[in-house]
Protein chains: 2
Amino acid sequence: MEFKKIIEEKSKESWEIYIPNLSIDCVVFGYHNASLKILTVKMKENNLWALPGGYVLKTENIKEAANRILQQRTGAENIYLQQFRVFSDLNRSEGFFSEFDDTIWNKQRFLSIGFYALVDYSKVNLVVDSFSDACEWKDIEDLPQLMMDHGIIFEKGLSTLRKQLNYKPIGLNLLPEKFTMPELQKLYEIILGKKLNRGNFFRKMLRYDILVKLDESRKGGAHKSPDLYMYDTEKYQAALRNGLNEGW
Amino acid sequence: MEFKKIIEEKSKESWEIYIPNLSIDCVVFGYHNASLKILTVKMKENNLWALPGGYVLKTENIKEAANRILQQRTGAENIYLQQFRVFSDLNRSEGFFSEFDDTIWNKQRFLSIGFYALVDYSKVNLVVDSFSDACEWKDIEDLPQLMMDHGIIFEKGLSTLRKQLNYKPIGLNLLPEKFTMPELQKLYEIILGKKLNRGNFFRKMLRYDILVKLDESRKGGAHKSPDLYMYDTEKYQAALRNGLNEGW
């Protein structure tokens, strides 16, 4: 079937099953070996890099939609996703499919709901679906040009993450079970995009009271072996619910 | 014109001018004389109390929509509104207008974008529009039953505000120009819904470095006259942009 026919067929189905004018885009942060990446897909239609995204079925809520989209597009299942903002500028989505009839699904105005997630990317098994040529992790320091306003959606997702460092713990499921204070500091530095003072970081982190110091240290480095820590899972979960005890 | 006809006429217009299946609901917090209230409207259709809300024109973004809605429904202009969450549960909006045809606008599934604002409510001039019987401030400690999931939207708006106390200053345009530390503490206590330790509050607030202590004190109380403060507007604005200096 020729491309035009395929799009027209798919458009008819989309009008039937999805909420019109509404899309979802996901900023999936992957942390591994002290580097922060996001999941990107290369669209078959136009060869542009994009955030993984899709639409909301008439029969599901947006969280279910985001989970389904991420699974279909990337093979990643059960990733904890959090909505963070609606992107609704006029003309953010139009301009594609100009050679098609105005009634075509893809040609409409779309308001997009941004979701973000933070995962250990070595635990995600990517698949390439029928819409995309490629599905890849890209380092946030070295992103390709993203289509439409996806660059802005990524920036807003990252700044949301930064703000959350002020009232939510982060790191469980990202760091190995046992980690050193410099490794934890590195995670914060990468998300914040700036260096932190070692002493201040240490004191602030201990005041959060979510870490357990182990009777072990990391062997093998050139320097004095640093102490190993792990999260006190109960206190960590309580801080997720009630905020860090540095907060109000 | 009978009620049914009016609804059908309005429905036809709504399909033409609005983005379908999408609504906006506003949690407008008003602070005055040490009490926190929200703006509520009483719907003519069903006599229920609701948050002020409406729809998104095909020709505007959601922030423009929220501002327009608030102005039309309440007479309040130029209120700084901030989106905070999309509410998308199935059946959150259906169940009304059951006696009407399924194609009627008001009978559709609506996903609603929540906005919040915080204002000095004595500066807002309320008007009652054609959809509502009443538009009133209600104390958050004494809210009437709100229709649909508006109670949940209010709760989420309040918890968003609480989280923001951890990284954003609050109070400018809410408090009088000059205020005492107990008055500022009261504002925090009311938003947080809990008492705070006086000494800790004082020290933490001074560390934020956004206040100027004046050479005046509040006269007339039974106790020692408390010192007056005002915001250092430049430092306040910088903290709004970059976060409080207690943060990361």
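Residues numbered from 1 in each chain as written. Chains lettered and ligands numbered in written order. Predicted model: local features only at pLDDT ≥ 70, side-chain atom pairs only at ≥ 80, totals over all residues. Heavy atoms only, no water.

A. The arrangement of the overall build of chain A in detail. When helices and strands are tallied, chain A shows six helices and 10 strands. The long-range share in chain A, meaning contacts at least 24 apart out of those at least 6 apart in sequence, stands at 70%. For chain A, the exposed surface amounts to about 12,500 Å²; the carbon and sulfur share of it is 47%. Of note, chain A has its 35 positive side-chain charges centred 7 Å away from the centre of its 34 negative side-chain charges. (Helix = DSSP H or I, 4+ residues; strand = E, 2+ residues; numbered from the N terminus. Contact = heavy atoms within 4.5 Å. Areas by Shrake-Rupley, 256 points an atom, 1.4 Å probe, with all protein chains shown as cover. Lys, Arg positive; Asp, Glu negative; His and termini not counted. Charge placed at Lys NZ, Arg CZ, Asp CG, Glu CD.)

B. Spotlight on the nonpolar core. Ile24(A), Val28(A), Ile79(A), Ile24(B), Val28(B) and Ile79(B) are the most contacted members of the largest nonpolar core, which has 56 residues in total. Look past the residues within four positions of Ile79(A) in its chain and what remains in contact with it is Val28(A), Asn67(A), Leu70(A), Ala117(A), Val119(A) and Val124(A). (Core = buried A, V, L, I, M, F, W, Y, C linked by side-chain atoms within 4.5 Å. Buried < 20%, exposed > 50% of the residue type's maximum accessible area, 1.4 Å probe, protein only.)

C. Expanded view of the sheet that holds strand 8 (residues 179–180) of chain A. Residue and element names in this part refer to chain A. Ordered by their spatial adjacency, three strands build an open sheet running 8-10-9, and the pairing between neighbours is antiparallel. A single partner strand is all that each edge strand has here, and the edge strands are strand 8 and strand 9 (211–217). Here strand 9 runs beside strand 10 (residues 227–231); their pairing, made up of four bridges, is antiparallel. If you follow Lys 213 over to strand 10, its bridge partner there is Tyr 229. (Pairing = 2+ DSSP bridges.)

D. The arrangement of the confidence of the model for chain A in detail. For chain A, per-residue confidence averages 89 on the pLDDT scale, and residues scoring 70 or more make up 96% of the total. Mean pLDDT per element in chain A: strand 7 (residues 132–139) of chain A is the minimum at 85, and strand 5 (residues 82–87) of chain A is the maximum at 97. (pLDDT = per-residue confidence, 0-100.)

E. Representation of the relation of the copies chain A and chain B within the structure. Mapping chain A onto chain B is achieved by rotating through 180 degrees and translating by 0.0 Å along the same axis, at an RMSD of 0.0 Å. One copy is carried onto the other by what is essentially a two-fold rotation axis. Across chain A, the smallest distance between a C-alpha and the rotation axis is recorded for Asn166(A), namely 3.1 Å. An overlap of 100% is found between the interface residues of chain A and their copies at the interface of chain B, pointing to a shared contact surface. (Least-squares fit on C-alpha atoms with pLDDT ≥ 70 in both.)

F. Focus on unusual backbone geometry. Positive phi values are uncommon outside glycine, yet Ala34(A) reaches one of about 60 degrees. Phi angles above zero are rare outside glycine, and Asn21(B) is one such case at about 65 degrees. By the secondary structure assignment, Asn21(B) is in strand 1 (residues 18–32).

G. The packing of helix 4 (residues 181–192) of chain B against helix 5 (residues 198–208) of chain B, seen in detail. Residue and element names in this part refer to chain B. Between helix 4 and helix 5, the shortest axis-to-axis distance is 11 Å and the interhelical angle comes to 95 degrees. One element, helix 4, and the other, helix 5, form an angle in the roughly perpendicular class. In this structure, helix 4 contributes Met 181, Leu 184, Gln 185 and Tyr 188 to the contact, and helix 5 contributes Arg 198, Phe 201, Phe 202, Met 205, Leu 206 and Tyr 208. Its residues assigned to classes, the contact of helix 4 with helix 5 comprises eight nonpolar, one polar and one charged. (Axes fitted to C-alpha atoms, helices over the stretch in contact; angles between N-to-C directions. Parallel < 35°, antiparallel > 145°, perpendicular 65-115°, else oblique. Nonpolar A, V, L, I, M, F, W, Y, C, P; charged D, E, K, R; others polar.)

H. Representation of the environment of Val124(A). Residues and elements named next belong to chain A. Relative to the assigned elements, Val 124 resides in the loop between strand 6 (111–120) and strand 7. By relative accessible area, which is 13% here, Val 124 ends up buried. Put simply, Val 124 and Lys 213 are 89 residues apart on the chain and 29 Å apart in space, counted from C-alpha to C-alpha. Excluding anything up to four places from it in sequence, Val 124 contacts Ala 76, Ile 79, Val 119 and Trp 137.

I. Highlighting the sheet that holds strand 9 (residues 211–217) of chain B. Spatially, the three strands line up as an open sheet ordered 8-10-9 (chain B), and their pairing is antiparallel. At either end of the open sheet lies a strand with only one pairing partner, and these are strand 8 (179–180) and strand 9 of chain B.

J. Focus on the pairing of strand 5 (residues 82–87) of chain B. Residues and elements named next belong to chain B. Burial analysis of strand 5 places five of its six residues in the buried class, the great majority of the element. Two strands pair when backbone bridges link them, and strand 5 and strand 6 (residues 111–120) are joined in this way by five bridges, in the antiparallel orientation. Paired with Arg 85 across the strands is Gly 114, a residue of strand 6.

K. Quick peek at the domain arrangement of chain A. Residues and elements named next belong to chain A. Each domain of chain A was delimited in the assignment, giving domain 1 (3–162) and domain 2 (179–242). Placing the centre of domain 1 and that of domain 2 at their C-alpha centroids yields a distance of 33 Å. In this complex, domain 1 contributes eight residues to the contact, which on the side of domain 2 involves seven residues. Both sides together, the interface formed by domain 1 and domain 2 hides about 600 Å², and carbon and sulfur atoms give 72% of it. Viewed at the interface, domain 2 and domain 1 are joined by zero salt bridges. In terms of residues, the side of domain 1 that touches domain 2 owes the most to one element, helix 3 (residues 150–164), which gives three residues. Per-class residue counts for the side of domain 1 that touches domain 2 are six nonpolar, one polar and one charged. (Domains from an automatic or database assignment. Buried area = accessible area lost by both parts, 1.4 Å probe. Salt bridge = Lys/Arg side-chain N within 4 Å of Asp/Glu carboxyl O.)

L. Inspection of the interface of chain A and chain B at higher detail. Taken residue by residue, the interface counts 34 residues in chain A and 34 residues in chain B. Ranking the residues of chain A by area buried against chain B places Asn166(A), Tyr167(A) and Trp248(A) at the top, with a combined share of 29%. Between the two partners, chain A and chain B, sit zero salt bridges. Taken together, the links from chain A to chain B amount to 10 residue pairs in polar contact (both at pLDDT 80 or more). Taken together, the elements giving at least two residues each to the side of chain A that touches chain B come down to strand 1 (18–32), strand 5, strand 6, helix 4 (181–192) and helix 5 (198–208) of chain A. (Polar contact = N/O pair within 3.5 Å; in protein donor to acceptor, adjacent residues only side chain to side chain.)

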